[in-house]
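So the chains spell out like this:
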Amino acid sequence: MIVAVASGKGGTGKTTVSASLASVWDKGVTAVDLDVEEPNLHLFLKPEISGSAPANLETPVADESLCNLCRACSHFCQYKAITVMGKILMIFPEMCHGCGGCIAGCPQKALSAGSRELGEILWGKSGKIDFLMGRLRVGEAMSPPLMRLVKSRLSEMITVHPTDAIIDCPPGVSCPAINSVMDADVIVLVTEPTPFGFYDFKLAIEAFAPLEKPMGAVINRAGVGENSVYGFCAEKGIPILAEIPYDRAVAEAYSKGLVVAEASERMKTTFLGLAEKIRGLAGGKGAFRA
Ligand code: SF4
Ligand code: SF4
């Protein structure tokens, strides 16, 4: 089972929930940080990193002596990453998505594969938890290709050593967030009972609903702010899987970089209950499908 822990906005406690879920998961589990722009799951799980690999994107390189400026490549590229201006073929590697289409389609075989560094992929272990993360190179703008490489590495890892996976997704509702929940069996949306949290929660529901995956909500900092999210969930039939109270013990554990589920018996019980409800959702119990 793949569990995507997502949120409509940053700072709701998505990473706290991901780390705690991985900590109480009673079967083998791989914790994955797909928030490659700002990965921080490792700060809570403190894994021992056993391996890493550079993550590169295949981008076209031209042999201008073979190019006859036919423009087939620039017509094909949806991202305007390759174009012909006057009598010059221009390539913009930083805009390239690495689809390889221009290379395959060049009638003169004038294009070949070069590469651009996206970042790196790291893996290791945190106790019994397998760990995997991607980290985007500083200055690199394109996270989905690196996320695809991390997911491909996850697929290899769980083929060799089958486990469930808990994915800490990037926040928001743009391309990286959608990309991160695509392969999940269950989406857990973390929100907080504030006007901002509620607004972004509704956006996330709207963005993820077309994927027709079971979804449930976790209310972090329950007890603070206003409670519109509860009425909305009741109206839409979105199950509230857990509430994490707004209290000092949770805030202290968070501020020390501790896994909240390991900070107290009460929190451990809360996350064990959450894990149980997620399994129920995966099995079709109380699933919200738009
Ligand atoms: S498709 Fe090939 S030959 Fe045509 S403009 Fe592009 S690189 Fe040149
Ligand atoms: S590889 Fe794809 S995205 Fe990159 S320049 Fe070629 S067609 Fe455009």
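Structure shown above.
Residues numbered from 1 in each chain as written. Chains lettered and ligands numbered in written order. Predicted model: local features only at pLDDT ≥ 70, side-chain atom pairs only at ≥ 80, totals over all residues. Heavy atoms only, no water.

1. Section: the overall build of the protein
Argument step 1. Regarding its fold elements, the protein presents ten helices and eleven strands.
Argument step 2. By its C-alpha atoms, the protein is 70 × 40 × 35 Å across when sized along the principal axes.
Argument step 3. Within the structure as shown, the protein displays about 13,600 Å² of accessible surface, and the carbon and sulfur contribution to it stands at 55%.
Argument step 4. Within the protein, one finds 28 positive and 31 negative side-chain charges whose respective centroids are separated by 2 Å. (Helix = DSSP H or I, 4+ residues; strand = E, 2+ residues; numbered from the N terminus. Areas by Shrake-Rupley, 256 points an atom, 1.4 Å probe, with all protein chains shown as cover. Lys, Arg positive; Asp, Glu negative; His and termini not counted. Charge placed at Lys NZ, Arg CZ, Asp CG, Glu CD.)

2. A look at the nonpolar core
Argument step 1. Among the nonpolar cores identified, the biggest contains 40 residues, and Leu 132, Leu 146, Val 150, Leu 189, Phe 201 and Phe 208 are the most heavily contacted of them.
Argument step 2. Apart from residues lying up to four places away in sequence, Leu 189 is in contact with Ala 6, Ser 7, Gly 8, Phe 201, Ala 204, Ile 205, Phe 208, Met 215, Gly 216, Ala 217 and Val 218.
Argument step 3. Listed in part, the 36 residues of the second largest apolar core include Leu 41, Val 186, Ala 242 and Met 267. (Core = buried A, V, L, I, M, F, W, Y, C linked by side-chain atoms within 4.5 Å. Buried < 20%, exposed > 50% of the residue type's maximum accessible area, 1.4 Å probe, protein only. Contact = heavy atoms within 4.5 Å.)

3. Focus: helix α7 (residues 195-208)
Argument step 1. Taking 1.5 Å per residue as the helical rise, α7 with its 14 residues ought to reach 20 Å, and the 20 Å between its terminal C-alpha atoms agrees with that figure.
Argument step 2. Residues Gly 197, Phe 198, Asp 200, Phe 201, Ala 204, Ile 205 and Phe 208 constitute the buried set of α7.
Argument step 3. Those residues of α7 hidden inside the fold are in contact with β1 (2-6), α6 (175-181), β9 (186-191), β10 (215-222) and α8 (228-236). (Expected span 1.5 Å × (residues − 1).)

4. Considering the site of ligand 2
Argument step 1. Lining the immediate surroundings of ligand 2 are Pro 60, Phe 76, Cys 77, Tyr 79, Ala 81, Ile 82, Cys 96, His 97, Gly 98, Cys 99, Gly 100 and Cys 102.
Argument step 2. In terms of residue class, the shell around ligand 2 is made up of nine nonpolar, three polar and no charged. (Near = heavy atom within 4 Å. Nonpolar A, V, L, I, M, F, W, Y, C, P; charged D, E, K, R; others polar.)

5. Remarks on the site of ligand 1
Argument step 1. Surveying the vicinity of ligand 1 reveals 13 residues, the closest of which are Cys 67, Cys 70, Arg 71, Cys 73 and Cys 106.
Argument step 2. Taken together, the residues of the shell around ligand 1 sort by class into ten nonpolar, two polar and one charged.

6. Let's talk about helix α1 (residues 14-24)
Counting along an α-helix, one turn takes 3.6 residues, and residues three or four places apart therefore face a common direction.
Argument step 1. Most of α1 is tucked away: eleven of the eleven residues are buried.
Argument step 2. Listed as buried for α1 are Lys 14, Thr 15, Thr 16, Val 17, Ser 18, Ala 19, Ser 20, Leu 21, Ala 22, Ser 23 and Val 24.

7. Let's talk about the pairing of strand β2 (residues 29-33)
Argument step 1. Extensive coverage of β2 is indicated by the burial of five of its five residues.
Argument step 2. Judged from the five bridges that link them, β2 and strand β8 (residues 164-168) form a sheet pairing that is parallel. Looking at the pairing, Ala 31 lines up with Ile 166 of β8.
Argument step 3. For β2 and strand β7 (residues 129-136), the ladder comprises four bridges, and the chain directions are parallel. In the strand pairing of β7, Ala 31 is matched with Phe 131. (Pairing = 2+ DSSP bridges.)

8. A word on the packing of α7 against α8
Argument step 1. Contact pair α7 / α8: the axes reach a minimum separation of 10 Å and the direction vectors enclose 25°. With respect to α8, the axis of α7 lies roughly parallel. The two elements α7 and α8 meet at a crossing, and its hand is right-handed. Here Phe 198, Phe 201, Lys 202 and Ile 205 of α7 come into contact with α8, specifically with Ser 228, Val 229, Phe 232 and Cys 233.
Argument step 2. Class assignment of the residues belonging to the contact of α7 with α8 gives a composition of six nonpolar, one polar and one charged. (Axes fitted to C-alpha atoms, helices over the stretch in contact; angles between N-to-C directions. Parallel < 35°, antiparallel > 145°, perpendicular 65-115°, else oblique. Left-handed = near helix turned anticlockwise from the far one by under 90°.)

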